[in-house]
Structures are given as C-alpha cells and as structure tokens.
Amino acid sequence: MAIKQRITDDERDELTKDVDDLDKAYIERMKEAGIGEDLLAQFRDLSLEMRPVEDGE
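Residues numbered from 1 in each chain as written. Predicted model: local features only at pLDDT ≥ 70, side-chain atom pairs only at ≥ 80, totals over all residues. Heavy atoms only, no water.

Participant: I'd like a rundown of the overall build of the protein chain, residues and numbers included.
Facilitator: Of the regular secondary structure elements, the protein chain holds two helices and zero strands. Across the 57 residues in the protein chain, those meeting the buried criterion constitute 21%. Within the protein chain, residue pairs in contact and separated by at least 24 positions form 29% of the contacts whose partners lie at least 6 positions apart. Summed over its atoms, the accessible surface of the protein chain is roughly 5,000 Å², and 51% of this surface lies on carbon and sulfur atoms. (Helix = DSSP H or I, 4+ residues; strand = E, 2+ residues; numbered from the N terminus. Buried < 20%, exposed > 50% of the residue type's maximum accessible area, 1.4 Å probe, protein only. Contact = heavy atoms within 4.5 Å. Areas by Shrake-Rupley, 256 points an atom, 1.4 Å probe, with all protein chains shown as cover.)

This is how it looks when you write it as structure tokens:
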C-alpha cells in the first residue's frame, strides 16, 4: 500500500512552488531525465492553466 506524503513549501523551488504535489513529482522526474528548464517551465504553466478554478476567484 502506498503512503501519500504532503510536500512542504520548504521542499519546493521556484519551478514547483505553485503546482500541486503530483505535478511537482512529474517536474522532478523530468529534471532527472534531463529535460530543459524552458520545457519544464512550459509544463508548469500548462498545469497551472489547467487547474480547476475555485469559486470566488
């Protein structure tokens, strides 16, 4: 059984500070695979754009 762990703000960098935990994991994996910073930033921007809008925003 997998254990879900919440990622704290201390464990985030400029690229991952606003994305959810799953997207942070994807970004970290892509970094390890050697994906360029510009493509990682594009992924981050898309994931933020796709985030559901909450009431009141």
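We are not done yet, so read on.
Participant: I'd love a proper account of the side chain of Ser47, names of residues and values included.
Facilitator: One can find Ser47 in helix α2 (residues 37-50). In this structure, Ser47 is in contact with Val19 and Asp23, ignoring residues within four places of it in sequence.

Participant: I'd like a description of α2, backed by residues and values.
Facilitator: In this model α2 runs 20 Å from its N-terminal to its C-terminal C-alpha over 14 residues, within 8% of the 20 Å that 1.5 Å per residue would give. Turning to α2, the residues buried within the fold contact α1 (21-32). (Expected span 1.5 Å × (residues − 1).)

Participant: Mind laying out the packing of aromatic side chains, listing which residues take part and the relevant values?
Facilitator: Within the structure shown, the criterion is met by one aromatic pair. Judged by centre distance (6.3 Å) and plane angle (85°), the ring pair of Tyr26 and Phe43 falls under edge-to-face. Placement of the pair is Tyr26 in helix α1 and Phe43 in helix α2, with a sequence separation of 17 residues. Accessibility expressed as a relative area gives 42% for Tyr26, which makes it partly exposed. The exposure class assigned to Phe43 is partly exposed, which follows from its relative accessible area of 26%. (Phe/Tyr/Trp six-rings, centres within 6.5 Å; stacked < 30°, edge-to-face > 60°.)

Participant: For the nonpolar core, give the residues involved together with the corresponding values.
Facilitator: Ranked by size, the top nonpolar core spans five residues in total: Leu15, Val19, Ile27, Leu40 and Ala41. What Ile27 contacts, discounting residues up to four positions off in sequence, is Leu15, Thr16, Val19, Leu40, Phe43 and Arg44. (Core = buried A, V, L, I, M, F, W, Y, C linked by side-chain atoms within 4.5 Å.)

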